[in-house]
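Tertiary structure, described
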Amino acid sequence: MSAILEVTDVSKSFSGHTVLNRVNITLEAGRVAGLMGPNGAGKTTLMKTIMKIVKPDSGSIRVCGSNAVEAIHRNTAFMPDRNQLFLWMKIRDAIRYYEDMFGDFDAKRAVDLCQILGLDPAASIRTLSKGTVIRTLVMLTFSRNARLYLLDEPIGWFDPLAKHNILKTILAGINEESTVLISTHQVKDVEMILDDVLFLNYGSLILTDTAENIRQEHGQSIEDRYLEVFQNA
Ligand SMILES: Nc1ncnc2c1ncn2[C@@H]1O[C@H](COP(=O)(O)OP(=O)(O)OP(=O)(O)O)[C@@H](O)[C@H]1O
């Protein structure tokens, strides 16, 4: 069986400034991977490149074995780091919109996730706080039965209980046929749900490892490993 996500030798520059430098990632099914690195490391650019929103200068992206944009969008539920929902909608309109857009959308799961994440379907998107917008995006993303979930900083804005509920949603959403790639600065918060760890620095992957290996071989938490690797980078 092929990997869910294959990023092969992907490079991208903006105006001569290298933002992604020969990035290689392979994620198998059933994994939760954390993409971590300082501000400006290239995390969002990498996610947009996977979604083909940004065109790489070189290299290739495959999701479930295909590099076709239609197949990538069909198989991938992408949660961007900012609100891309229409402000005039209520949350329930956004649910209907996603249901129309994506054949894999599960409206029943959307209702359940609204409850878990404390969302009122009658609330107007325009009036939502930043944190509630992100919770809405998490709800919409995980209401899809996608093979790959790409989440760009899904827990940065939250209080501990909301973080807990979001992480619970992520874990409940994954099965042996799907994979999650989370970009985040909240290393400590996500460490318990990660199988794979990717450290990105100035566009280069400077560490790719399993969470288990970091704990067992290095005897470190992911946060301690992050501090050590980036202090010496
Ligand atoms: N469309 C663009 N045009 C020019 N430069 C860009 C563009 N998009 C991103 N960049 C630059 O690419 C670099 C990486 O940005 P990116 O948003 O991918 O980083 P990030 O790791 O997600 O950062 P953060 O953690 O702050 O969200 C930055 O220097 C940014 O200014």
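Being a predicted model, the structure only gives us computed values, none of them experimental. (Residues numbered from 1 in each chain as written. Predicted model: local features only at pLDDT ≥ 70, side-chain atom pairs only at ≥ 80, totals over all residues.)

Before going further, it helps to spend a moment on the UniProt feature "domain: ABC transporter" (unreviewed entry) in the protein chain. When the UniProt feature table is mapped to this numbering, "domain: ABC transporter" (unreviewed entry) covers residues 5–227. Across residues 5–227 one finds 35% helix and 26% strand; the C-alpha atoms that close the span lie 27 Å apart. (UniProt positions renumbered as here; feature names shortened; annotations may be inferred. Helix = DSSP H or I, 4+ residues; strand = E, 2+ residues; numbered from the N terminus.)

Among all positions of helix α4 (residues 107–116), only Ala 110, Leu 113 and Cys 114 are buried. Taken around the axis of α4, the buried residues stretch over an arc of 105°, which confines them to a single face. In this structure, α4 carries Lys 108 and Gln 115 as exposed residues pointing more than 90 degrees from its buried face. Residues of α4 that are buried sit in contact with α3 (91–101), α5 (130–142) and α6 (160–173). Of the residues trailing α4, Gly 118 is marked for its positive phi of about 65°. (Buried ≥ 20, exposed ≤ 12 C-beta atoms within 10 Å, placed from the backbone. Arc of directions from axis to C-beta. Contact = placed C-beta atoms within 7 Å.)

To continue, consider the sheet that holds strand β1 (residues 5–14). Strands sit in the order β2-β1-β4 across an open sheet of 3 strands; the sheet is antiparallel. In this open sheet, the two strands that pair with only one neighbour each are β2 (17–27) and β4 (58–63). Each adjacent strand pair in this sheet contributes to an overall mean axis angle of 20°, direction not counted. As paired strands, β1 and β4 are joined by 5 bridges and run antiparallel to one another. (Pairing = 2+ DSSP bridges. Axes fitted to C-alpha atoms, helices over the stretch in contact; angles between N-to-C directions.)

Strand pairing in a sheet takes place through backbone hydrogen bonds and is either antiparallel or parallel in direction. Spatial strand order, β5-β6-β7-β3-β8-β9: 6 strands in an open sheet with mixed pairing. Either end of the sheet is taken by a strand with one partner, and the two such strands are β5 (76–79) and β9 (204–210). Sheet twist, expressed as the mean angle between neighbouring strand axes with direction ignored, is 15°. Where strand β3 (residues 32–36) and strand β7 (residues 179–183) come together, 4 bridges link them in parallel fashion. Paired with Ala 33 across the bridge in β7 is Leu 181. Packed onto the sheet, helix α1 (residues 43–50) meets β3, β5, β6 (148–152), β7 and β8 (196–201) and runs at close to 150° relative to β6. Of the strands in this sheet, β3, β8 and β9 touch helix α9 (residues 222–231), which is tilted by about 25° from β8.

So, on to the site of the ligand. By nearness alone, every residue bordering the ligand is listed as Phe 14, Val 19, Gly 37, Asn 39, Gly 40, Ala 41, Gly 42, Lys 43, Thr 44 and Thr 45. The element contributing the most residues to the shell around the ligand is α1, with 3 residues. (Near = placed C-beta within 6 Å.)

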